[in-house]
Amino acid sequence: NAVDAGEGDLAIASLRRRLASEPENLLVRLELIRHYRELGFPDLALEHARFAVQRFPDSADAHIELARALRALGMRGEAAEELEAFFRGHPQASPNVPAWLGILRDELGQWTQGEAAHRAALAMAPNRDDLYNNLGYNLLRQGRLDEARQALERALALNPESKKARNNLGLALAAQGAAALEEFRRTSDPATAHNNLACALIEQGRYEEA
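Residues numbered from 1 in each chain as written. Predicted model: local features only at pLDDT ≥ 70, side-chain atom pairs only at ≥ 80, totals over all residues. Heavy atoms only, no water.

Points about the overall build of the protein chain
This is how the line gets drawn: Runs of E in the DSSP output that reach at least two residues are strands. Runs of H or I that reach at least four are helices, and both are numbered from the N terminus. The contact criterion used is simple: two residues touch if any of their non-hydrogen atoms lie within 4.5 Å. Computed with a 1.4 Å probe, the accessible areas rest on the Shrake-Rupley method; for each residue, only the protein chains presented here act as cover.
When helices and strands are counted, the protein chain shows 12 helices and 0 strands. Counted from the first residue to the last, the protein chain has its helices and strands arranged as α-α-α-α-α-α-α-α-α-α-α-α. Partitioning the contacts of the protein chain with sequence separation of at least 6, the portion at a separation of at least 24 is 43%. Accessible area for the protein chain stands at about 10800 Å²; split by element, carbon and sulfur atoms hold 49% of it.

This is how it looks when you write it as structure tokens:
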């Protein structure tokens, strides 16, 4: 029924009314897509995202929302192909395009392609800590620990409060024991910090130390 489809949500009802009166308002359409996704209606988000891309083919935000809608339905390969095609035709549209492409490639285990996308995003926005964190995580998963450490330290230099970068740096420093533990303790309690370090050591096959 209507409530089950999200129509009982006041925000969605308001956005739908605005969209009916302002069909060319991309911002309203994007906000509606995000609300549907957050409420747990990825199919409706995908339907609206596809329409947004058709109506605004040069919008980076519309293509990103389409990729995110596909991702929410487990269609990561299709999402990556969608963003890859858009990025080829619009290489300077937004650093968020290669950033999301990198995330999708990482989730697919395509680390080399993901690295290229993360570096492309950083070339467009060299002062964003989240992009350095994404690159650091990618390099970490490739086992390139020193390069990962450098990227993550750069992320923390830009934003010392980034818990994701701090925890990823702890993983990169796992071989150094105390240094890794110090990073983990900056974002969690002592017990969780020790547990996180143990998990990192297990991933490296260092079971006795873990």
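Quick word on the layout of surface pockets
Vacant regions in the atomic arrangement are exposed by a probe of water-molecule size rolled over the atoms. Cut-off, in case you're wondering: Only protein atoms enter the calculation, which uses a 1 Å grid: trapped sets of points that fit a 1.4 Å probe without letting it out are cavities, open sets showing protein on both sides within 12 Å along at least five of seven lines are pockets, and any residue with an atom within 4 Å of a point is a lining residue. Grid points are joined across faces, edges and corners, and a volume is the space filled by probe spheres set on the points. Classes in brief: Ala, Val, Leu, Ile, Met, Phe, Trp, Tyr, Cys and Pro nonpolar; Asp, Glu, Lys and Arg charged; the others, Gly included, polar.
Quantified by volume, the largest pocket comes out at close to 430 Å³. Lining the largest pocket are 17 residues, with Ile103, Asp130, Asn133, Asn134 and Lys164 positioned closest to its centre. The residue makeup of the lining of the largest pocket, split by class, is 5 nonpolar, 6 polar and 6 charged.

Here we look at the side chain of Glu115
Basically, it comes down to this: Categorising residues by exposure relies on relative accessible area from a 1.4 Å probe, with only protein chains included: less than 20% of the type maximum marks a residue as buried, more than 50% marks it as exposed, and the intermediate range marks it as partly exposed. N or O atoms within 3.5 Å of each other form a polar contact, as long as, within protein, one can give a hydrogen and the other can take it, and as long as residues adjacent in sequence are counted only when both atoms are side-chain atoms.
For Glu115, the position within the fold is in helix 7 (residues 111–124). A relative accessible area of 10% means that Glu115 is categorised as buried. At a separation of 3.1 Å, a polar atom in the side chain of Glu115 contacts the side chain of Gln142. Setting aside chain neighbours within four positions, we find Glu115 in contact with Leu135, Asn138, Leu139, Gln142 and Arg144.

Structural notes on the confidence of the model for the protein chain
Caution applies to low-pLDDT regions: their predicted coordinates should not be interpreted in detail. The condition that has to hold: A score between 0 and 100, pLDDT records how confident the predictor is in each residue.
A residue-level look at the protein chain finds 80% of positions with pLDDT of 70 or above and a mean pLDDT of 84. Ranking the elements of the protein chain by mean pLDDT puts helix 11 (residues 178–185) last, at 58, and helix 6 (residues 96–107) first, at 97. Below a pLDDT of 50 lies the segment residues 1–6, which in the model reaches 9 contacts outside its immediate sequence neighbourhood of four places, other chains included.

Re the pattern of salt bridges
Where we set the bar: When a carboxyl oxygen of Asp or Glu is within 4 Å of a side-chain nitrogen of Lys or Arg, the pair counts as a salt bridge.
Taken as a whole and assessed by the stated rule, the structure comprises 11 salt bridges. Note that Arg105 is salt-bridged to Glu84, the shortest N-O span being 3.0 Å. Residue Arg105 is located in helix 6, and its partner Glu84 is located in helix 5 (residues 76–89); the two are separated by 21 residues in the primary sequence. On the basis of relative accessibility, which here comes to 23%, the residue Glu84 falls in the partly exposed class. Counted as one network, the salt bridges with shared partners bring together Glu115, Arg119, Arg144 and Glu147.

Looking at the packing of helix 9 (residues 145–158) against helix 10 (residues 163–172)
Defined as follows: Helix axes are fitted to C-alpha atoms over the stretch in contact, other axes to C-alpha atoms as well, and angles between N-to-C directions run from 0 to 180 degrees. With respect to orientation, any angle under 35 degrees is reported as roughly parallel, any angle over 145 as roughly antiparallel, any angle of 65 to 115 as roughly perpendicular, and every other angle as oblique. The sense of a crossing depends on the near helix, which, turned anticlockwise from the far helix by less than a right angle, makes the crossing left-handed and, turned clockwise, makes it right-handed.
Two numbers describe how helix 9 lies on helix 10: the axes approach to 9 Å, and their chain directions differ by 155°. Judged by the inter-axis angle, helix 9 sits roughly antiparallel to helix 10. In the packing of helix 9 onto helix 10, the handedness of the crossing is left-handed. For the pair helix 9 and helix 10, the contacting residues are Leu145, Ala148, Arg149, Leu152, Glu153, Ala155 and Leu156 in the first and Ala165, Arg166, Asn168, Leu169 and Ala172 in the second. The residue makeup of the contact of helix 9 with helix 10, split by class, is 8 nonpolar, 1 polar and 3 charged.

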